[in-house]
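# Summary of the model geometry
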Amino acid sequence: MRLEDEDKQVIFEIVASRYFTTQSWKWVNLRTDINKIFKAFDELNEQYASYSYVSRDWYVENMGSKYIHMCSTWEELKNLVAFLNTHGSAFNFLVNTGNRKSFCIVSDTRELSEAQANAIKEVQKLGYNTFIFLATVPDEIEFQLLQVRGVN
C-alpha cells in the first residue's frame, strides 16, 4: 500500500514526540493543540478582567495551562500567541528542552518552504531556537489481511 504524504507526516510526528518524551522534554503538538494555547490566553485575559489587581504575570505563572504554553510572563505569552496566529502552521511542535524553548519542523527533507523560512526568521527574533526533526518512512508499506472465521 502506498503511503500518502499526510500518512507520512503523522508517522513523523509520532516518532518526534516519542523522541521528545524519551529525552524528558516538554512538548506540544501545534498541529493538534494550538487551540489550547489560544484558549489559555483567552482564559487568562478573562481572569485578569475579573481580578485586575493581580498581575498578568502571576496568572501566566500560576494557571494550570502553563504546561501547554510553557511561558513565564505575560509578555512572553502575548508574543507567542501573536506569533502563532501568524506563523503557527509552519511548525509541528513547541518544545522545551529544559534549557531553551524551541519550535520544531518535522520533515523528510532539509528543504524549507518560503513560509517556513520566514517563520524561522520571525521566531528567532523572539528568542526561540528552531530545529528540523528529519525522519524517513518508506513510500510503501506491506501488510496482510487475514480472515478469521467465527465460531458457529
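In this text, all values refer to a predicted model and were calculated from it rather than measured experimentally.

A separate point is the pattern of salt bridges. If you walk through the whole model with that rule in mind, you get 8 salt bridges. Between aspartate 139 and lysine 8 there is a salt bridge, with the nearest N and O atoms lying 2.3 Å from each other. Linking aspartate 139 in the segment after strand 4 (129–134) with lysine 8 in helix 1 (residues 5–22), this pair joins segments that are 131 residues apart in sequence. Taking the relative accessible area as the measure of exposure, lysine 8 reaches 9% and is therefore buried. Here glutamate 13 makes a salt bridge to arginine 31, at a shortest N to O gap of 3.7 Å.

Attention now moves to the sheet that holds strand 1 (residues 26–29). Note: strands within a sheet are paired through backbone hydrogen bonds, in either parallel or antiparallel orientation. Across the sheet, which stays open at both edges, the 4 strands sit in the order 1-2-3-4 with mixed pairing between neighbours. Pairing within the sheet leaves two strands with one partner each, and these edge strands are strand 1 and strand 4. Put simply, the sheet's adjacent strands are angled 25 degrees from each other on average, direction ignored. Note that strand 1 and strand 2 (residues 93–96) share 4 bridges and pair antiparallel. Bridged to asparagine 29 within strand 2 is phenylalanine 93.

As a packed pair, helix 2 (residues 30–50) and helix 5 (residues 74–87) sit with axes 11 Å apart at the nearest point and diverge in direction by 135 degrees. Regarding the angle of helix 2 to helix 5, the classification is oblique. As for how helix 2 packs across helix 5, the hand of that crossing is left-handed. In contact with Leu30, Ile34, Ile37, Phe38, Phe41, Leu44 and Asn45 of helix 2, helix 5 contributes Trp74, Leu77, Lys78, Leu80, Val81, Leu84 and Asn85.

Thresholds, definitions, all that
All residue numbers refer to positions counted from 1 along the written sequence of the respective chain. Under the rules for a predicted model, residues below a pLDDT of 70 receive no local features and side-chain atom pairs below 80 are neither given nor counted, while totals for whole chains, interfaces and linings still include all residues. The basis for the side-chain values is all heavy atoms of the structure; hydrogens and waters are excluded. By convention in these notes, a salt bridge is any Lys or Arg side-chain nitrogen within 4 Å of a carboxyl oxygen on Asp or Glu. Here a strand is any run of E in DSSP of at least two residues, a helix any run of H or I of at least four, and the numbering for each starts at the N terminus. Accessible area is worked out with a 1.4 Å probe on protein chains only. A residue is then buried under 20% of its type maximum, exposed over 50%, and partly exposed in between. Here, a strand pair is defined by DSSP locating no fewer than two bridges between the strands. Every axis corresponds to a line fitted to the C-alpha atoms, with the helix fit spanning only the stretch in contact, and the corresponding angles, defined between N-to-C directions, vary from 0 to 180 degrees. When describing relative orientation, an angle under 35 degrees is termed roughly parallel and one over 145 degrees roughly antiparallel, while 65 to 115 degrees is termed roughly perpendicular and anything else oblique. Helix crossings fall into two classes, left-handed where the near helix is turned counterclockwise from the far one by less than a right angle and right-handed where it is turned clockwise. By definition, residues are in contact when any of their heavy atoms lie within 4.5 Å.

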